[in-house]
Number of protein chains: 2
Amino acid sequence: MNSISDIQVFTVPKFLDRQGYLVAFDAKLDLKIDLRRVFVVSSHFGDIRGKHAHRCLTQILVCVHGACRVTCDDGESKKEVALDRPDIVLEIPPGIWAEQYYSAPDSVLMVMCDLPYDESDYIRNYDNFIAFRARGKS
Amino acid sequence: MNSISDIQVFTVPKFLDRQGYLVAFDAKLDLKIDLRRVFVVSSHFGDIRGKHAHRCLTQILVCVHGACRVTCDDGESKKEVALDRPDIVLEIPPGIWAEQYYSAPDSVLMVMCDLPYDESDYIRNYDNFIAFRARGKS
């Protein structure tokens, strides 16, 4: 089962010009995963979202506007990652509880996934998450 | 060869709560294409970007912050599409010249593609584009 040490943080090239930026993510190249689903979340300064784990899904998070802090938790250890530039990439493997704190106004988080949406893949209750982790060890 | 009538504009469900929005794009479900590449462009109010066509690539554009107007051109007719909400989706098939006008400050455009990056797929000169279209008809 994945632990905090399996969480990857890396950067991709950011192409800048006077007009703005461009960042790109090629499946199986910049990203190790297949791309099956992309979703985008916008939230207000100070909001906390996420608060779930996935049984099988890998998520790749990029903050494309504003800033977020993501807390990842394997049931024993936590790791906080600041996503405050669009070239910073956070890969969260399955089995990790994650919460996103929107640390700037008007932030937009893009999440790339290796599987289609499946509600049964979500663990939305923290006690159930801890039980899931305990079963994984036995 | 694709024409203006092959450009698709559609909406996906936008999940709203007091905190913001969530929009999701599942390959082969919300989107007809495979997802091979995602890129994100941010630009200033009044900027124009794009100005190229693709030989083979299909692009799906979503404005996730701010607003853009996209002009699509098949060499004979033009179509302008306003992307001012993150649930509006613009699918541009191959063979269409496109330009994006950033019509609000601090706009962010997400582009989902069905092929990896390949510079030889780009047609960056408008005269070459018109010649490419003419060859496609002969």
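The structure under discussion appears in the preceding block.
Just so it is clear, the model here is predicted, and its values are computed rather than measured.

(A) Region of the structure containing the overall build of chain A. From N to C terminus, chain A includes one helix and 12 strands. Along the chain direction, N to C, the helices and strands of chain A fall in the order β-β-β-β-β-β-β-β-β-β-β-β-α. The globule rule puts the C-alpha radius of gyration for 138 residues at 14 Å, and the 15 Å found for chain A is close to it. Dimensions of chain A, computed from C-alpha atoms along their principal axes, come out at roughly 55 × 35 × 25 Å. Out of the 138 residues in chain A, the part that is buried amounts to 41%. Pairs at least 24 residues apart make up 77% of the contacts formed inside chain A by residues separated by at least 6 positions.

(B) Highlighting the interface of chain A and chain B. Every contact between the two is made by 30 residues of chain A and, on the other side, 30 residues of chain B. Among the elements of the structure, strand S3 (20–26), strand S4 (37–43), strand S6 (59–65) and strand S11 (107–113) of chain A are those that each provide at least two residues to the side of chain A that touches chain B. Of the residues belonging to the side of chain A that touches chain B, the class tally is 19 nonpolar, six polar and five charged. Across seven bridges, the pairing between S3(A) and strand S4 (residues 37–43) of chain B is antiparallel. By the bridge assignment, A:Phe25 is partnered in S4(B) with B:Val38.

(C) Looking closely at the sheet that holds strand S9 (residues 88–92) of chain B. Spatially, the seven strands line up as an open sheet ordered S2(A)-S3(A)-S4(B)-S11(B)-S6(B)-S9(B)-S1(B), and their pairing is antiparallel. The sheet is open, and its two borders are formed by strand S2 (14–17) of chain A together with strand S1 (8–11) of chain B, each paired with just one other strand. Here the strands of the sheet are splayed against their neighbours by 20° on average, with no regard to which way each runs.

(D) Seen up close, the environment of A:Phe15. Residues and elements named next belong to chain A. Topologically, phenylalanine 15 is positioned in strand S2. By C-beta crowding, phenylalanine 15 is classed as partly exposed, having 13 other C-beta atoms within 10 Å. Separated by 72 residues in sequence, phenylalanine 15 and aspartate 87 have C-alpha atoms that sit 9.4 Å apart. The residues contacting phenylalanine 15, other than those within four sequence positions of it, are Tyr21 and Leu22.

(E) Focus on the nonpolar core. With 73 residues, the main nonpolar core has A:Leu61, A:Met110, A:Met112, B:Met110 and B:Met112 as its most contacted residues. The element that contributes the greatest number of residues to this core is S11(A), accounting for six residues. The contact partners of A:Met110, leaving out residues within four places of it in the chain, are A:Val38, A:Val40, A:Val62, A:Val64, B:Val40 and B:Met110.

Criteria and cut-off values
Residues numbered from 1 in each chain as written. Chains lettered and ligands numbered in written order. Predicted model: local features only at pLDDT ≥ 70, side-chain atom pairs only at ≥ 80, totals over all residues. Helix = DSSP H or I, 4+ residues; strand = E, 2+ residues; numbered from the N terminus. Rg over C-alpha atoms; globule rule 2.2 N^0.38 Å. Buried ≥ 20, exposed ≤ 12 C-beta atoms within 10 Å, placed from the backbone. Contact = placed C-beta atoms within 7 Å. Nonpolar A, V, L, I, M, F, W, Y, C, P; charged D, E, K, R; others polar. Pairing = 2+ DSSP bridges. Axes fitted to C-alpha atoms, helices over the stretch in contact; angles between N-to-C directions. Core = buried A, V, L, I, M, F, W, Y, C linked by C-beta atoms within 7 Å.

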